[in-house]
Amino acid sequence: ILYKQGLSYENAKIWTSAITFYEKAIDIAKDQDFYYLFLGRANMEQGKAATGQERTEWLTASEQALMQARSIAPLNTDHSANLARLYRTWGSLSSGQDKTDRLNKALANYEAATSLSPHNAQLFDEWGQTYAVLGDYDKAMEKYEQSLALDSKYSQTYLLIGELAMQQKNWDEAKTTYEQLIAISPKSADAYAALGYVHTQMED
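I will try to describe carefully the structure that is included in this document. (Residues numbered from 1 in each chain as written. Predicted model: local features only at pLDDT ≥ 70, side-chain atom pairs only at ≥ 80, totals over all residues. Heavy atoms only, no water.)

Brief notes about helix 8 (residues 137–150)
Then, in step 1: Taking 1.5 Å of rise per residue, 14 residues should cover 20 Å, and helix 8 covers 20 Å from first to last C-alpha, within 8% of that figure.
Then, in step 2: Contacts from the buried residues of helix 8 go to helix 7 (121–133), helix 9 (155–167) and helix 10 (171–184). (Helix = DSSP H or I, 4+ residues; strand = E, 2+ residues; numbered from the N terminus. Expected span 1.5 Å × (residues − 1). Contact = heavy atoms within 4.5 Å.)

Here it is in structure tokens:
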């Protein structure tokens with residue numbers, strides 16, 4: 001009941017109230033990894049909206065909750081995946097060596113998550129996005145290709161490959177990628193919008 005009250009606040013994006021109820025649920029059932037997962041996620045969302053030291057405190061609390069969830073149920077893919085997402089988010093909000101260190105932690109946790117769930121295309125996409133933020137485009141493309149090998153019709157992967165090509169100003173590759181996506185998903189507004197932008201850059 002307490003967890004579901006927290007979930008209702010989370011759905012309304014009232015993160016601090018959600019956190020309060022998740023903590024109350026944990027006080028009663030300290031061995032339920034599920035509650036720590038949601039506590040960690042709510043702390044992360046609150047941290048994204050904060051600044052300075054407050055942000056650090058919220059994100060550190062998220063890290064602690066998610067690590068506790070994984071210690072309780074280490075074979076649950078969600079826990080490694082959510083730690084990876086936390087570090088990717090935290091890294092994108094950081095700079096300098098802190099950014100690099102946190103993104104590298106994200107990479108390690110995506111590796112752990114995909115070792116537990118090797119057929120999850122979304123995780124490979126997120127792993128690739130992390131490499132892209134680090135500027136390692138070859139590694140990013142390697143992960144996107146692994147995603148496509150698992151699901152050749154996963155629209156998100158084509159969007160990410162096209163975005164990667166645009167970041168490198170490889171307009172021909174981006175054009176081909178978005179055309180492939182339109183052939184698979186002819187009602188993808190994102191694909192048409194991106195393809196239109198690519199044609200603009202090609203002065204067509």
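Now that the structure is up, let's keep going.
As for the nonpolar core
Then, in step 1: L86, Y110, W127, A140, Y144, L164 and Y178 are the most contacted members of the largest nonpolar core, which has 37 residues in total.
Then, in step 2: Looking at this core, the elements that each hand over two or more residues are helix 4 (52–72), helix 5 (77–92), helix 6 (96–116), helix 7, helix 8, helix 9, helix 10 and helix 11 (189–201).
Then, in step 3: Filtering out sequence-adjacent residues up to four positions away, L86 remains in contact with M44, L59, S62, E63 and L66.
Then, in step 4: Residues A18, I26, L39 and A69 belong to the second largest nonpolar core, which totals 14 residues. (Core = buried A, V, L, I, M, F, W, Y, C linked by side-chain atoms within 4.5 Å. Buried < 20%, exposed > 50% of the residue type's maximum accessible area, 1.4 Å probe, protein only.)

Considering the packing of helix 1 (residues 2–11) against helix 3 (residues 33–49)
Then, in step 1: With their axes 11 Å apart at the nearest point, helix 1 and helix 3 run at an angle of 25° to one another. If you check the angle between helix 1 and helix 3, you find them roughly parallel. Seen from above, helix 1 lies across helix 3 with left-handed handedness. Between helix 1 and helix 3, the residues in contact are Y3, L7 and E10 and F34, Y35, F38 and R41, respectively. (Axes fitted to C-alpha atoms, helices over the stretch in contact; angles between N-to-C directions. Parallel < 35°, antiparallel > 145°, perpendicular 65-115°, else oblique. Left-handed = near helix turned anticlockwise from the far one by under 90°.)

Considering the pattern of salt bridges
Then, in step 1: If you walk through the whole model with that rule in mind, you get six salt bridges.
Then, in step 2: As a salt-bridge pair, R85 and E126 come within 2.8 Å of each other at their nearest N and O atoms. Residue R85 is found in helix 5, and its partner E126 is found in helix 7; the two are separated by 41 residues along the sequence.
Then, in step 3: Exposure remark for R85: the relative accessible area of 23% places this residue in the partly exposed category. (Salt bridge = Lys/Arg side-chain N within 4 Å of Asp/Glu carboxyl O.)

A word on the side chain of D33
Then, in step 1: Along the chain, the position of D33 falls in helix 3.
Then, in step 2: Put simply, D33 is tucked away with no salt bridge, and the nearest opposite charge, on R70, sits 11 Å away.
Then, in step 3: When near neighbours in sequence (up to four residues on either side) are disregarded, D33 contacts A69, I72, A73, N76 and H79. (Lys, Arg positive; Asp, Glu negative; His and termini not counted.)

A few points about helix 1
Then, in step 1: Three or more residues of helix 1 are buried, namely Y3, G6 and E10. Down the axis, helix 1 shows its buried residues gathered within 60° of arc, on one side only. In helix 1, those exposed residues whose orientation departs by more than 90 degrees from the buried face are K4 and N11.
Then, in step 2: The inward-facing, buried residues of helix 1 abut helix 2 (15–28) and helix 3.
Then, in step 3: Backbone geometry just after helix 1 places K13 at a positive phi near 60°. (Arc of directions from axis to C-beta.)

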